[in-house]
Amino acid sequence: MGLQRGTPYSPEKENYRPTNWLWKKKALNHVLSTMRRHSLVPKNPQPQYQTPVPPPPFVAVATEKPTAKIQETPLPPIIVVSDKISLLSDEVLLNILSKLPKSQRNANFLVSKRWLNLQGRLVRSINLLEWEFLISGRLSTRFPNLVHIDMSNGCMVSSRNSGIFCSQRDVSFDVGSNVGCNPSFIDDNLVLNADEVDKGLRIMAGAYPNLRKLVVSNSSEMGLLSVAEECPTLQELELFMCNDQVLRGIAACENLQILKLNGVIDGLFNSLVSDVGLTILAQGCKRLVKLELNGCNGTYEGIKAIGQCCPMLEELTLCNHKMEGGWLAALSYCENLRALRFLSCKKIDDGLELDEHLGSCPAFERLHLEKCQLRDKRSLRALFLVCLNMRKLVLTNCWGLNDDIFSTCTALRRVKSLSVEGCSMLTTQGLESVIVSWNHLQSLKINSCNRIKDSEVTPMLSMMFSTLKDLQWKPDSKSLLSSNLQGSSMGRRGGKFFRKSMVTGNLSRTETVNQIHNFLHVATL
């Protein structure tokens, strides 16, 4: 807009400037910048990774009489992304998700399909419940990096609507109402046949060459051979319903270190594992470190073969064993055996005649007896002679362990730790008669032994308590000693306890022990 013709010149009009905001430079730049930003935002939402449309060219608005040239300020390109986490690579996102606690990690698959796949790549262990999930290939697609697979429950054919649920240790399944007609719960109708199991093992072995642990039921020799060929890193294996023929396939697993064999389980299934299978196993798996035999038969020859062919064996577990008499003498061939565990055994060895034929394990350290019947004094004495060098003895819920049977422990002179729990026939006198002869005892744990009383603790026994590094005295719920020792240093470091008493009360060691005994006697009256 210019000056009109015929209008006289006036200096006031020359210096006149409108007060409109368009005349101000800062306000005009702000408006132009805002218009430009609005022009960058598309009307229709674009895909997540699509490059945004370049903005339109800058349009300048002419004023009546600009005082200065408006300079355009370059703006950085704006990328519109709805989910910024999606810009991260799979490797970075996996590293982030792997650091989350397990309680928060399981719900991540609900975010998106991508997170579902990433979460599946983090899973390392799985318990297979549906056999069709493995056969169809969905298992390897959903969880491509598994190293531990438990297939024992998936091998069971059970009716989900039966209303009867059976569980025994690691196996659980549904059974029908006709189970009482069979001598065992698991028969040919409740478990997959060997061909179906072998087919699943071949699919699993081809998908997981880095498998390290496997649990399976009712497999055959050929199925285990395929696992041994495709999974050279397999280190731990547990078999249910196995027999001597199946063990031929296990012999091909050269790197196997932990093996659990379940032959006969009362009320569930009956399978035969004899000396033939144990010998085949020993000649093939020479790197075994831990071996568990559950319901397996055998004799002296089978245990001897394991001891001679498996020099790295350190732990042997026998659960409800069916061993014939005389097998205990073969344990001396296990030169590096450190731990021996008996679980739910009705006997130890009922065929021993002379103790002179028994050797000992030079590296032995721990003996664990749980839910065993210890009524045969001679077999228990033979077991202690084989384990003469033990350092730790654990007796848990054993039947028949009275004072006379427990007196056989006097032959053990190197015991440093004793734990007795749930042995209701053992008395205070029987306990004292044995442990007072153990000069190296450092830890004592007595739990739920009703015949061991606080009032029967003698001064000699109380003095021995003061020298222990670890003392847990809870023979029953009415024990006053356990409740009064809480918070004190008694039973942990005897020297510190008595030094503290001598400083505070100026008492000698003998006087302090006598006061402890007097307190126990008076408190129980």
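Going by the structure above, here's the rest.
Below you will find a few notes about this structure. (Residues numbered from 1 in each chain as written. Predicted model: local features only at pLDDT ≥ 70, side-chain atom pairs only at ≥ 80, totals over all residues. Heavy atoms only, no water.)

### Thoughts on the packing of aromatic side chains
Inference 1: One pass over the structure, following the stated rule, counts three aromatic pairs.
Inference 2: Judged by centre distance (6.2 Å) and plane angle (50°), the rings of Trp327 and Phe342 are tilted. Of the two residues, Trp327 is situated in the loop between strand 13 (322–323) and strand 14 (339–343) and Phe342 in strand 14; the sequence distance between them amounts to 15 residues.
Inference 3: On the accessibility criterion, Phe342 (0% relative accessible area) is buried.
Inference 4: Aromatic side chains Phe465 and Trp473 sit 5.0 Å apart centroid to centroid with 55° between the ring planes, which places their arrangement in the tilted category. For the pair formed by Phe465 and Trp473, the shared burial category is buried. (Phe/Tyr/Trp six-rings, centres within 6.5 Å; stacked < 30°, edge-to-face > 60°. Helix = DSSP H or I, 4+ residues; strand = E, 2+ residues; numbered from the N terminus. Buried < 20%, exposed > 50% of the residue type's maximum accessible area, 1.4 Å probe, protein only.)

### Focus: the pairing of strand 5 (residues 213–217)
The side chains of a regular strand alternate between both faces of the sheet.
Inference 1: Taken across its five residues, strand 5 has four buried, putting it largely inside the fold.
Inference 2: Note: strand 2 (residues 148–150) against strand 5, three bridges, orientation parallel. Residue pairing for strand 5: Ile149 is matched across the bridge by Leu214.
Inference 3: With helix 9 (residues 221–230) bridging strand 5 and its parallel neighbour strand 6 (residues 236–240), the resulting β-α-β unit is right-handed. (Pairing = 2+ DSSP bridges. Right-handed = clockwise from strand over helix to strand, strands pointing away.)

### A look at a nonpolar patch on the surface
Inference 1: There is a patch of nonpolar side chains on the surface, built from Ile85, Leu88, Val92 and Ile96 and spanning about 290 Å² of accessible area.
Inference 2: Assignment of secondary structure puts Ile96 in helix 3 (residues 90–98). (Patch = residues over 30% accessible without salt bridge, like charges linked within 9 Å, V, L, I, M, F, W, Y side chains within 5 Å. Areas by Shrake-Rupley, 256 points an atom, 1.4 Å probe, with all protein chains shown as cover. Salt bridge = Lys/Arg side-chain N within 4 Å of Asp/Glu carboxyl O.)

### A look at the pattern of salt bridges
Inference 1: Tallying each qualifying case throughout the model produces seven salt bridges.
Inference 2: Among the salt bridges present, the one from Glu365 reaches Arg366, with a minimum N-O distance of 3.9 Å.
Inference 3: Owing to a relative accessible area of 30%, Glu365 belongs among the partly exposed residues under this scheme.
Inference 4: The partner of Asp404 in a salt bridge is Lys377, and the shortest N-O contact between them spans 2.9 Å. Placement of Asp404 in helix 14 (residues 403–406) and of Lys377 in helix 13 (residues 377–386) is noted, with a sequence separation of 27 residues between them.

### Details of the packing of helix 8 (residues 194–207) against helix 9
Inference 1: Contact pair helix 8 / helix 9: the axes reach a minimum separation of 8 Å and the direction vectors enclose 5°. Between helix 8 and helix 9, the angle is such that the two are roughly parallel. Across the interface between the two elements, Asp198, Leu201, Arg202, Met204 and Ala205 from helix 8 touch Gly223, Leu224, Ser226, Val227 and Glu230 from helix 9.
Inference 2: Among the residues making up the contact of helix 8 with helix 9, the classes are represented as five nonpolar, two polar and three charged. (Axes fitted to C-alpha atoms, helices over the stretch in contact; angles between N-to-C directions. Parallel < 35°, antiparallel > 145°, perpendicular 65-115°, else oblique. Contact = heavy atoms within 4.5 Å. Nonpolar A, V, L, I, M, F, W, Y, C, P; charged D, E, K, R; others polar.)

### Quick notes on helix 13
Inference 1: Among the residues of helix 13, those classed as buried are Ser379, Leu380, Ala382, Leu383, Phe384 and Val386.
Inference 2: Looking at the packing, one finds that the buried side of helix 13 touches strand 14, strand 15 (366–370), strand 16 (392–396) and helix 14.
Inference 3: Between the side-chain oxygen at the start of helix 13 and the backbone nitrogen of Arg378 there is a gap of 3.3 Å, and the oxygen is on Asp376. (Polar contact = N/O pair within 3.5 Å; in protein donor to acceptor, adjacent residues only side chain to side chain.)

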